Amino acid sequence: MQVVNNLLNHSFKFFVLGTLLAAITLFASIFLGNLDAPLSELFKGLINRDDGLISTIMWQIRMPRLFSAVISGASLGLAGFLIQTSTKSPLGDPNLFGFGGGSVFLISFAVAGIIPTSNLSLFLLSCFGASIIGIIFAFTTSKENLTPIKLALVGIALGALSLSLSVGVISYGNIFPSQVLTLITGSFSSSTWNAVQISGLAFITCLFLSCTVSSTLNVLLLGDRLSKTLSANPQKIRFIVMILVGILTGSSVHLGGLIGFVGLVSPHIARKIVGNDSIKLVLMSSLIGGYFVLTSDQVARLLFAPTELPVGLITTFIGAPMMMYIGVKLR
Amino acid sequence: MMTFEASNVTLSIDNIKILNNVSFNIPTYQFTSIMGPNGSGKSSILKILIGELLPINGTVTSIPNNLIAYIPQTLSDPPFLLVSEIINLGMRLRKISKKNKLAIAHGISKECGIELLLDRKFESLSGGEKQRVWLSFCLAQDKEIILLDEPLSSIDHHSREDFHKTLQKISRKSKTLLLVTHDNDLSVKYSDKIIYMRNGSIEFDGSSSDFKKYHTKE
């Protein structure tokens, strides 16, 4: 751990390392896959946009998929930072705490054919579902005596509840198993530019709003009583933040279903790199989240190609041990 | 220069009388301790002073909250934050440059004896060190009045005495300090004024030297 710490403390080394890793991942996400063609052909297809097979795969499948993964991950990373800071809970994660479950619950009505859908209405449903959980959470967490452990228990219970309700709706609607798998374990295999545009816009808006409230976020870490003595209004800020988390999580579920642990892990790594400065954390958590999901998606896509694994499986594989580590270290 | 004055204050919560016709004043720039057994109404007095509880009878000078720094009895540890960051948060509402903030934080941490802990995580500190950080957090706010509610319950005797010395030193620097405590001996030794409570009434109100006489008589 000491070695990792030392490495991360050197911001220049980190920058070089980060750029290098990002380049590798970007290369993999654009040029590696089931398409049997030489690299030069793939490159040509990417530069000369035409109606050919290679160009279509590049621009209609791989590129939207790349953007979906990055935006979804960045949204989750930012949402995780917002939850962890506003509720003082190092174990905070939007999907673990039921926000994503709220989205899946409403989306499953659409997938089950009970309510009609377009891309935009699916997005709105997804955000609305997560925001409802957010509002419930904002009220629950306003109790002074909630320890991180108690809070995590409340969150996990909410998560389990919303997920079981969704599964109920899904079984009622007789949906194909692959669709359900996409929704519950996460996948970017059917990404579209339209979804990318909507979610991208939502992410940028939430990023901007998060930056504006970020200066007050660290005050909330002191607890409600002390933050009031510093002229902050913890309930109000938490309410705003939870709505933002709802939109971010809803948007990520709309893009790629439930992807666990990204929101938990990303802010912790970001803190190791940039410290506790909240505006830097807003940006770094998003960056790490985006990178984490994009990389996981490459693993999911390429590890057993042509068979694809759900991307949520990969993130969980990395995130769950980290949660155990954080949980054990928690005082 | 503002000070607290309360006259004939009565407080009930759920029909149980907590304070019974209590009158007192807190002198400015002095170190006052409120003592007494559990449930005697000590903490309720602080909560009335900061406006968290409203008495059913009597009057209390209302002092705007921006003049008071208050540390409640139970505080959960802030996660993630370093000691220096907590002191900085205390200076949040003060309009000073970043450079000055650094200098002020160093001065305060020295005064409270935590200058070597500035880069430590708050969660990793001992109980006594944590209390010193909270005191630094209060001082960083640069308010005239500091209210502390039983800050020393979990600390060994030696650290408690050091803490009292620090409090005395701070009150000499034109701060009004009000401490709710169980630590009768140390409070009598270091504070200027004592208010002793029992069953929601004030049994003694006077200087700490008078309290010694009163105590031995009893």
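These remarks concern the structure in this document. Since the structure is predicted, the reported quantities are computational estimates derived from the model, not experimental observations.

Concerning the overall build of chain B
- Of the regular secondary structure elements, chain B holds seven helices and nine strands.
- Taken over C-alpha atoms, the radius of gyration comes to 17 Å for chain B, in line with the 17 Å a tight globule of 218 residues would show.
- Looking at chain B residue by residue over its 218 residues, the buried ones come to 42%.
- Sequence separation of at least 24 residues holds for 66% of the intrachain contacts in chain B that already meet a minimum separation of 6.

A few points about the overall build of chain A
- Looking only at helices and strands, one finds 14 helices and zero strands in chain A.
- The secondary structure elements of chain A, listed N-terminal to C-terminal, are α-α-α-α-α-α-α-α-α-α-α-α-α-α.
- Taken over the C-alpha trace, chain A has a radius of gyration of 20 Å; the compact-globule value for 331 residues is 20 Å, and the two agree within 12%.
- In terms of principal-axis extent, the alpha carbons of chain A reach across some 65 × 55 × 35 Å.
- Taking all 331 residues of chain A together, 50% fall into the buried category.

Considerations on helix α2 (residues 83–90) of chain B
- Most of α2 of chain B is tucked away, with eight of its eight residues classed as buried.
- Listed in full, the buried residues belonging to α2 of chain B are V83, S84, E85, I86, I87, N88, L89 and G90 of chain B.
- Where α2 of chain B is buried, its residues contact α9 (193–220) of chain A together with α3 (98–111) and α4 (127–140) of chain B.

Some remarks on the nonpolar core
- Grouped together as the largest cluster of nonpolar side chains are 76 residues, with contacts concentrated most on L78, L82, I107, L244, V245 and L248 of chain A.
- Filtering out sequence-adjacent residues up to four positions away, L78 of chain A remains in contact with C206, L207, S210, L248, V282, S285, S286 and G289 of chain A.
- Core analysis: the second largest hydrophobic core is formed by 63 residues, A69, F80, V83 and I194 of chain B among them.

Details of the pairing of strand β6 (residues 145–149) of chain B
Residues and elements named next belong to chain B.
- By the criterion of burial, β6 is predominantly enclosed, with five of the five residues buried.
- Of the two faces of β6, both are covered, the one formed by I145, L147 and D149 as well as the one formed by I146 and L148.
- As judged from the four bridges shared by strand β5 (residues 68–71) and β6, these two strands associate in the parallel manner. Among the inter-strand pairings, I71 is bridged to a residue of β6, identified as L148.
- Of the strand pairs in this sheet, β6 and strand β7 (residues 176–180) are connected by five bridges, and their pairing is parallel. Each bridged residue has a counterpart across the sheet, and for D149 the counterpart in β7 is V180.

Things to note about the sheet that holds strand β9 (residues 201–207) of chain B
All names here are of chain B.
- Taken together, the six strands give an open sheet; going across it, the order is β5-β6-β7-β3-β8-β9, and neighbouring strands pair in mixed fashion. At either end of the open sheet lies a strand with only one pairing partner, and these are β5 and β9. Averaged over all adjacent pairs, the angle separating strand axes in this sheet is 15°, with direction ignored.
- Across four bridges, the pairing between strand β3 (residues 31–35) and β7 is parallel. By the bridge assignment for β7, F31 is matched with L177.

Procedures and definitions
Residues numbered from 1 in each chain as written. Chains lettered and ligands numbered in written order. Predicted model: local features only at pLDDT ≥ 70, side-chain atom pairs only at ≥ 80, totals over all residues. Helix = DSSP H or I, 4+ residues; strand = E, 2+ residues; numbered from the N terminus. Rg over C-alpha atoms; globule rule 2.2 N^0.38 Å. Buried ≥ 20, exposed ≤ 12 C-beta atoms within 10 Å, placed from the backbone. Contact = placed C-beta atoms within 7 Å. Core = buried A, V, L, I, M, F, W, Y, C linked by C-beta atoms within 7 Å. Pairing = 2+ DSSP bridges. Axes fitted to C-alpha atoms, helices over the stretch in contact; angles between N-to-C directions.

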